[in-house]
Amino acid sequence: MTPFVSTTNLLPGVVFAAVLIMSGLGLSLALGLPRARPQLDWIEFSFIVFLLGAGMALCLGLVLAWLRLFSLGALTLLLSLIALASWLVIWRRKAFRRARRDLTKPTRAEVALIGWLALLSVIYFRPHEFILGAAD
């Protein structure tokens, strides 16, 4: 296993991931997704947020590529604008309190397992090195 080449190559990916999560979370709360939820588990909600954000990034990236304007910066900017607009809608509707009431709180074991998974994903799954060519 090779160590990280540099952390500057990792920064755009981390920023993009943060914007992707914030835009997915904002859209899911602004649209009130999922609608049928008696008591929603926080892991299910996180999965919905991730899929909504990834699907939105995929569609926007495809449109930008079709228009020959694709870049990670442009995609991040568009997702940031969508996140800002959706968080403004949430703030106006006060939907964040309702979502916090509907979600079950995670147990310590769930938090520990998610943290362990995040740590292991940084150590073992490093696709940025293959995409950027540092693993050669």
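What comes next concerns the included structure.

Conventions used here
Residues numbered from 1 in each chain as written. Predicted model: local features only at pLDDT ≥ 70, side-chain atom pairs only at ≥ 80, totals over all residues. Heavy atoms only, no water. Helix = DSSP H or I, 4+ residues; strand = E, 2+ residues; numbered from the N terminus. Buried < 20%, exposed > 50% of the residue type's maximum accessible area, 1.4 Å probe, protein only. Contact = heavy atoms within 4.5 Å. Areas by Shrake-Rupley, 256 points an atom, 1.4 Å probe, with all protein chains shown as cover. Expected span 1.5 Å × (residues − 1). Arc of directions from axis to C-beta.

**Here's the deal with the overall build of the protein**
Then, number 1: Helix and strand content of the protein: 6 helices and 0 strands.
Then, number 2: When the elements of the protein are put in sequence order from the N terminus, they spell out α-α-α-α-α-α.
Then, number 3: With 136 residues in all, the protein has 25% of them scored as buried.
Then, number 4: Summarising the internal contacts of the protein: among those between residues at least 6 apart in sequence, 77% fall at separations of at least 24.
Then, number 5: Of the roughly 9900 Å² of accessible surface on the protein, 73% is carried by carbon and sulfur atoms.

**Brief notes about the side chain of S86**
Then, number 1: You can see S86 is positioned in helix α3 (residues 72–93).
Then, number 2: Overall, the relative accessible area of 4% leaves S86 in the buried class.
Then, number 3: Residues in contact with S86, not counting those within four places in the same chain, are S23, G26, L27 and A30.

**Topic: helix α1 (residues 11–31)**
One turn of the α-helix equals 3.6 residues, which is why residues spaced by three or four share an orientation.
Then, number 1: An ideal rise of 1.5 Å per residue puts 30 Å on 21 residues; α1 measures up with 30 Å between its terminal C-alpha atoms.
Then, number 2: The first or second residue beyond α1 is G32, which carries a positive phi of 70°.

**Some points on unusual backbone geometry**
Then, number 1: With phi around 60°, R68 is a residue other than glycine that occupies positive phi space.
Then, number 2: Residue position: R68 is located in the loop between α2 (42–66) and α3.
Then, number 3: For R68, a relative accessible area of 79% gives the class exposed.

**Looking at α3**
Then, number 1: Taking 1.5 Å of rise per residue, 22 residues should cover 32 Å, and α3 covers 31 Å from first to last C-alpha, within 8% of that figure.
Then, number 2: All buried positions along α3 are accounted for by L75, T76, L79, A83, S86 and I90. Taken end-on, α3 shows its buried residues confined to a sector of 100°, consistent with a single buried face. Opposite its buried face, α3 presents the exposed residues L77, L84, W91 and R92, each directed more than 90 degrees away.
Then, number 3: Positive phi shows up at K94, right after α3, with a value of about 55°.

**A short note on the environment of Q39**
Then, number 1: Within the element layout of this structure, Q39 appears in the loop between α1 and α2.
Then, number 2: Its relative accessible area of 46% is what places Q39 among the partly exposed residues.
Then, number 3: For the pair formed by Q39 and D102, sequence separation is 63 residues and the distance between their alpha carbons is 5.6 Å.
Then, number 4: Apart from the residues within four sequence positions on either side, Q39 is in contact with R101, D102, L103 and T104.

**Comments concerning the environment of I48**
Then, number 1: Of note, I48 is situated in helix α2.
Then, number 2: Note on I48: relative accessible area 26%, which makes it partly exposed.
Then, number 3: Between the C-alpha atom of I48 and that of S28, which follows or precedes it by 20 residues, the distance is 7.8 Å.

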